[in-house]
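# Summary of structural features
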Amino acid sequence: SPSVTGPPCPTDWLVLQVPAPALLVGDMVTLRCRVRQEKLLPGVQFYHEEKDLEGLLDGTEMSLFPLQQHHSGCYHCGGWVSSGLSQAWEKSVPVTVCSECGAGDC
């Protein structure tokens with residue numbers, strides 16, 4: 001039987017998806033907070049450098065547009081994950097977003 005090696009799969013309930021780690025100033029960027037398995041995620045909170053962004057959102061997406069250099073940094077999301085009758089506040093693993101200058105942007 002073949003063996004598969006590599007880093008272990010994350011076990012966190014929430015995953016913050018970013019389109020690419022390095023983005024250009026002026027890009028439209030959508031951050032998506034996703035929940036693993038078949039759990040419910042009624043509301044999401046996004047954080048930039050540990051500061052709350054926009055309060056608790058009904059959806060699971062937040063847009064940064066147009067992307068600016070001050071948007072660079074560490075992001076994560078948090079939310080109430082529902083499983084049956086229980087609910088728990090969970091946070092994603094942090095993701096670093098780096099906004100770089102394109103030609104003539106800086």
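In what follows, the accompanying structure is described. The model shown is predicted, which means the values in this text are computed figures rather than measured ones.

Rules used in this analysis
- Residues numbered from 1 in each chain as written.
- Predicted model: local features only at pLDDT ≥ 70, side-chain atom pairs only at ≥ 80, totals over all residues.
- Heavy atoms only, no water.
- Core = buried A, V, L, I, M, F, W, Y, C linked by side-chain atoms within 4.5 Å.
- Buried < 20%, exposed > 50% of the residue type's maximum accessible area, 1.4 Å probe, protein only.
- Helix = DSSP H or I, 4+ residues; strand = E, 2+ residues; numbered from the N terminus.
- Contact = heavy atoms within 4.5 Å.
- Polar contact = N/O pair within 3.5 Å; in protein donor to acceptor, adjacent residues only side chain to side chain.
- Salt bridge = Lys/Arg side-chain N within 4 Å of Asp/Glu carboxyl O.

As a further point, take the nonpolar core. Nonpolar side chains in soluble globular proteins tend to end up buried together. Formed by 16 residues in total, the largest nonpolar core has its most connected members in L31, F46, L64 and C77. Elements supplying a minimum of two residues to this core: β1 (14-17), β3 (29-35), β4 (44-48), β6 (61-64) and β7 (73-83). With residues up to four places along the chain from it excluded, the contact list for L64 reads D27, M28, V29, L31, H71 and Y75.

Before going further, it helps to spend a moment on the side chain of S99. In this fold, S99 is placed in strand β9 (residues 95-100). A polar contact is formed between the side chain of S99 and the backbone oxygen of Q68, at a distance of 3.1 Å. Reaching out from S99, the side chain makes a polar contact with the side chain of S72 at a distance of 2.7 Å. Those residues within four positions of S99 in sequence are excluded, and the remaining contacts are L23, V25, L67, Q68, Q69 and S72.

A few words now on the pattern of salt bridges. Inspection of the entire model under this criterion finds one salt bridge. With a shortest N-O distance of 2.9 Å, E61 and R32 are connected by a salt bridge. One end of the pair, E61, is in strand β6; the other, R32, is in strand β3, and 29 residues separate them in sequence. E61 sits in the partly exposed class, given a relative accessible area of 44%.

Quick look at unusual backbone geometry now. Omega for the peptide link from F65 to P66 comes to -10 degrees, which places this bond in the cis form. In the Ramachandran plot, E49 falls in the positive-phi region, its phi being about 55 degrees despite a non-glycine side chain. As for its position among the elements, E49 is in the loop between β4 and β5 (51-57).

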